[in-house]
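Residue strings, one per chain:
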Amino acid sequence: MTSSSRKIGPVLATFVVANNMIGSGFFLLPASLAQVGGVTALSWLLGTVLAVILGSAFARLARDYPNLECPADYVRPALGRDMGFLATTLYWLSSWIGNNAIAVAAFGYLVTLLPLAGNEPAVQVAGQVTLIWLMYAINLLGPKQVARFQSLCVVVGLTPVAVILLGGWTQFDPALYETGWNVSGRSDAAVVFSSLAPIFWAFVGLETGAMVAGVVRDPQRNVPLATITGILVAGVVYLASSVLVMGIVPSAELAASSAPFAVVAGRIFGPWAIPIIAAAAALKATGTLGGWMLVTGESGARAAQRGYLPAVFGRLRPNGAAAWGLTLIALAMTAIAFLTLAPTVGGQFQTIIEMAVLLVTMAYVAAGLSLLLGTPERRPAPSDRLLGAGALLACALLLLSSPGRMLVGALVLVALAWIGYRISLRSR
């Protein structure tokens, strides 16, 4: 039990939520979205609304289950063992698959500082794999060292980017933004809806306020406050940055770039600013990768302790590092890096985040059902049912906006995971 004097208040909790969201999506999504145009600003607004609904659902679950550590803690009491397994496993899978997107973003900026041909597939995959194993090595040092490294990356990495967001509006060209409003050839409504799933990648992490409720002072008040405020802060930053870059750099140039913020910095301040912004963005994304690898190792360990994953994932070193589980995760991430390789960084990034968003959305479905149905001991209040229904509606929109082939693949993966789990139970 964490003493009251060591617990964090609403301001720090808000920064935890916002920082866990502002990462690779912030730095690389402008390049992916430039392929369709500035109309995606409407997708950011809709995505923020859906994130607020889902964040409110998790904040309510944190009130009912103040000691929750993984999805099974709130899913199993309401929906049973099998749904607890699926929610926990899908969340874990989405974490380490999504980590590859962070590696793509980090190396996309880092390569601009190196004398390498960043558009070469071999260079892309080699750089991503190198970052994956470097963050694996840091994670072996233990959670405390990862937290220190991530804190350094946040401060150093976001400061120069904040300068761009504040000073870049003097270079904003409304005519350029209007010209690139919709370059897809489809209707605005179709683009807004189809962009919803990749945009929501930037909001994955909204649940972290609920997951750390045990270390937040007065969690019934401060967890909902931190969750909603953190989501709104992230949403405003995302929307402002997306509009800004598309009003300074033409859509075609942004879409082809592996470091859109560095390109924007060059337009605003001159060529000297490009390496500074690229280094800052690479450092922030690398810190995010290290932090999410920690989350993946920890969530895998908790899933193993509950019997949902093989016991090897639950083995911890004396310093708290889930070394064996992280080794298997790093190997799997290396395989994903090769399997998703695309001609452009933006293309590879979008493929990975579509996979990750689908899986995490399915885990979020369990949160909505848990609120809607409740348990025999905790009958849901009308407000719980309303939040649960809202969360399910948000998840339905995200799933329907995903590419059909991805949705079918995710459903097949869910079925195979469940069948494997039932077989393992029988063998025990």
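This structure is a prediction, so every number in the text was calculated from the model and none was measured.

### With respect to the pattern of salt bridges
Part 1 of the argument: Applying the stated criterion across every chain, the model contains 7 salt bridges.
Part 2 of the argument: As a salt-bridge pair, Arg306 and Asp73 come within 3.2 Å of each other at their nearest N and O atoms. Linking Arg306 in the loop between helix H15 (273–305) and helix H16 (323–339) with Asp73 in helix H4 (residues 72–79), this pair joins segments that are 233 residues apart in sequence.
Part 3 of the argument: Arg422 serves as the salt-bridge partner of Asp82, at 3.1 Å between the closest nitrogen and oxygen. Of this pair, Asp82 sits in helix H5 (residues 81–110) while Arg422 sits in helix H19 (residues 404–427), placing them 340 residues apart in sequence.
Part 4 of the argument: A relative accessible area of 29% places Arg422 in the partly exposed class.
Part 5 of the argument: Bridged by salt links that share partners, the residues Arg60, Arg63, Asp64 and Asp384 form one connected network.

### What to know about the environment of Ile353
Part 1 of the argument: Position of Ile353 relative to the elements: it lies in helix H17 (residues 345–373).
Part 2 of the argument: Put simply, Ile353 and Ser94 are 259 residues apart on the chain and 9.0 Å apart in space, counted from C-alpha to C-alpha.
Part 3 of the argument: Residues contacting Ile353, with those up to four places away along its chain left out, are Leu29, Ala101, Pro198 and Trp201.

### Comments concerning empty space enclosed by the protein
Part 1 of the argument: All chains considered together, the criterion is met by 2 cavities of 30 Å³ or more.
Part 2 of the argument: In this structure, the largest cavity encloses a volume near 160 Å³.
Part 3 of the argument: Taken together, 18 residues line the largest cavity, and the ones lying closest to its centre are Asn20, Ile102, Trp201, Val204 and Trp292.
Part 4 of the argument: Only helix H1 (10–21), helix H2 (24–33), H5 and H15 provide two or more residues apiece to the lining of the largest cavity.
Part 5 of the argument: The residue makeup of the lining of the largest cavity, split by class, is 8 nonpolar, 9 polar and 1 charged.

### Details of the packing of H2 against helix H12 (residues 219–246)
Part 1 of the argument: It is the contact of H2 with H12, at a shortest axis distance of 10 Å, that shows an interaxial angle of 50°. What the angle tells us is that H2 and H12 run oblique. Between H2 and H12 the crossing geometry is right-handed. Contacts between H2 and H12 involve Phe26, Pro30 and Leu33 from the former and Val237, Tyr238, Ser241, Ser242, Val245 and Met246 from the latter.

### Thoughts on the side chain of Thr288
Part 1 of the argument: Here Thr288 shows up in helix H15.
Part 2 of the argument: For Thr288, a relative accessible area of 4% corresponds to the buried category.
Part 3 of the argument: With near-sequence residues (within four places) excluded, Thr288 lies in contact with Ile22, Gly23, Ile102 and Gln150.

Parameters at a glance
- Residues numbered from 1 in each chain as written.
- Predicted model: local features only at pLDDT ≥ 70, side-chain atom pairs only at ≥ 80, totals over all residues.
- Heavy atoms only, no water.
- Salt bridge = Lys/Arg side-chain N within 4 Å of Asp/Glu carboxyl O.
- Helix = DSSP H or I, 4+ residues; strand = E, 2+ residues; numbered from the N terminus.
- Buried < 20%, exposed > 50% of the residue type's maximum accessible area, 1.4 Å probe, protein only.
- Contact = heavy atoms within 4.5 Å.
- 1 Å grid on protein atoms, 1.4 Å probe; cavity = no way out; pocket = protein on both sides within 12 Å on 5 of 7 lines; lining within 4 Å.
- Points joined across faces, edges and corners; volume = space filled by probe spheres on them.
- Nonpolar A, V, L, I, M, F, W, Y, C, P; charged D, E, K, R; others polar.
- Axes fitted to C-alpha atoms, helices over the stretch in contact; angles between N-to-C directions.
- Parallel < 35°, antiparallel > 145°, perpendicular 65-115°, else oblique.
- Left-handed = near helix turned anticlockwise from the far one by under 90°.

Function-wise, these values are silent; they only describe arrangement.
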